[in-house]
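Next come the chains, spelled out residue by residue.
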Amino acid sequence: GRITGKLLMVHTLVPNQALTINGPWWFYGLIMQLYVLFIPMFHLIRKYRFKGFLLLLALSYLLIFLLYTPLREVHIFVMANAPGHIPEFALGILLALYPKLNISKWVLPVLLAVFIMGNYYFSFFPFTFLIITYFLITGISLFKSKTPQFIKFYGRISMYLFATHGFMREPYFANWARDYNNPFMTLLIGLGFLLTVTIVAVLCEKIHLLLINSFTKSRGLV
């Protein structure tokens, strides 16, 4: 049942299944839901521009606050499903259609304050995803010509890193950090985790590319 749910990418809609097998894989169910919603969202934002974007935000946050507690009681997480992340997905569509969209500099301190409070109070927490997405996109766009090589490197292997790191995080490194319960050891274990998952991700990338090359050659596609 767990494997079937993962393959069908509906596991985030099933009680107690969102974080099974590999916790980070909840994202795959979420992204499939967003892909289904992409076309109507795209047309809404293209037609109504910022007003369409604001409408999607309003509907999404309304669903989050209405559904969060009832769904959690049956072990389904609204933040692991489309309503919880429509805002930043809609922001991506908006910026792709209208890349020169500007926000008043006076709004930025307010966004930063909401982001900080979102780490302490649940009522602000759902807004943190949209805010950090906006800050990252605008920050990267400002310095894209000077992007450090290590950021480009981790961007390249991010797909493999995301797919594999969950297998090592909880049963090993996270448990070791809890057992030692020491800040210095936690830092060392964290660095060890980063090194380990990076090596695994690079190996997975090489295996993936090797399989693709072998397949294309066997089919005479190159």
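Attention now goes to the packing of aromatic side chains. Taken as a whole and assessed by the stated rule, the structure comprises 18 aromatic pairs. A network of ring pairs unites the aromatic residues Trp-25, Trp-26, Phe-27, Tyr-28, Phe-162 and Phe-167 as a single cluster.

Per-residue confidence for the protein gives a mean pLDDT of 90, with 97% of residues at or over 70. Confidence, expressed as mean pLDDT per element, reaches its minimum in the protein at helix H1 (residues 2–8) with 81 and its maximum at helix H3 (residues 50–73) with 95.

Attention now moves to a nonpolar patch on the surface. Together, Leu-112, Ile-116, Met-117, Tyr-120 and Tyr-121 make up an exposed nonpolar region whose accessible area comes to about 550 Å². Turning to its location among the elements, Met-117 is positioned in helix H5 (residues 107–118).

What follows is about the nonpolar core. Judged by nonpolar contacts, the single largest core of 27 residues is most densely connected at Leu-34, Met-41, Ile-45 and Phe-53. Of all the elements in the fold, those that place two or more residues in this core are helix H2 (26–48), H3, helix H4 (82–97), H5 and helix H6 (125–143). Grouped together as the second largest cluster of nonpolar side chains are 11 residues, Ile-157, Tyr-160, Phe-173 and Ala-177 included.

A few words now on the environment of Leu-91. Secondary-structure assignment places Leu-91 in helix H4. Note on Leu-91: relative accessible area 5%, which makes it buried. C-alpha separation for the pair Leu-91 and Leu-191, spaced 100 residues apart in sequence, amounts to 33 Å. Look past the residues within four positions of Leu-91 in its chain and what remains in contact with it is Phe-53, Leu-130, Thr-133 and Tyr-134.

Relative to the assigned elements, His-85 resides in helix H4. Filtering out sequence-adjacent residues up to four positions away, His-85 remains in contact with Trp-26, Leu-30, Leu-34, Met-79 and Phe-129.

Next up on the list: H5. Every α-helical turn comprises 3.6 residues, leaving residues that sit three or four positions apart pointing alike. In a regular helix each residue adds 1.5 Å, so 12 residues correspond to 16 Å; H5 covers 16 Å between its end C-alpha atoms and thus fits that length. When H5 is considered as a whole, its buried residues turn out to be Leu-111, Val-114 and Gly-118. Here the buried residues of H5 occupy an arc of 65° about the axis, which is enough to place them on one side.

Another aspect to go through is unusual backbone geometry. Even without a glycine there, the phi angle at Asn-16 is positive, about 65°. Along the chain, Asn-16 turns up in the loop between H1 and H2. For Asn-16, a relative accessible area of 48% puts it in the partly exposed group.

Cut-off values and rules
- Residues numbered from 1 in each chain as written.
- Predicted model: local features only at pLDDT ≥ 70, side-chain atom pairs only at ≥ 80, totals over all residues.
- Heavy atoms only, no water.
- Phe/Tyr/Trp six-rings, centres within 6.5 Å; stacked < 30°, edge-to-face > 60°.
- pLDDT = per-residue confidence, 0-100.
- Helix = DSSP H or I, 4+ residues; strand = E, 2+ residues; numbered from the N terminus.
- Patch = residues over 30% accessible without salt bridge, like charges linked within 9 Å, V, L, I, M, F, W, Y side chains within 5 Å.
- Areas by Shrake-Rupley, 256 points an atom, 1.4 Å probe, with all protein chains shown as cover.
- Salt bridge = Lys/Arg side-chain N within 4 Å of Asp/Glu carboxyl O.
- Core = buried A, V, L, I, M, F, W, Y, C linked by side-chain atoms within 4.5 Å.
- Buried < 20%, exposed > 50% of the residue type's maximum accessible area, 1.4 Å probe, protein only.
- Contact = heavy atoms within 4.5 Å.
- Expected span 1.5 Å × (residues − 1).
- Arc of directions from axis to C-beta.

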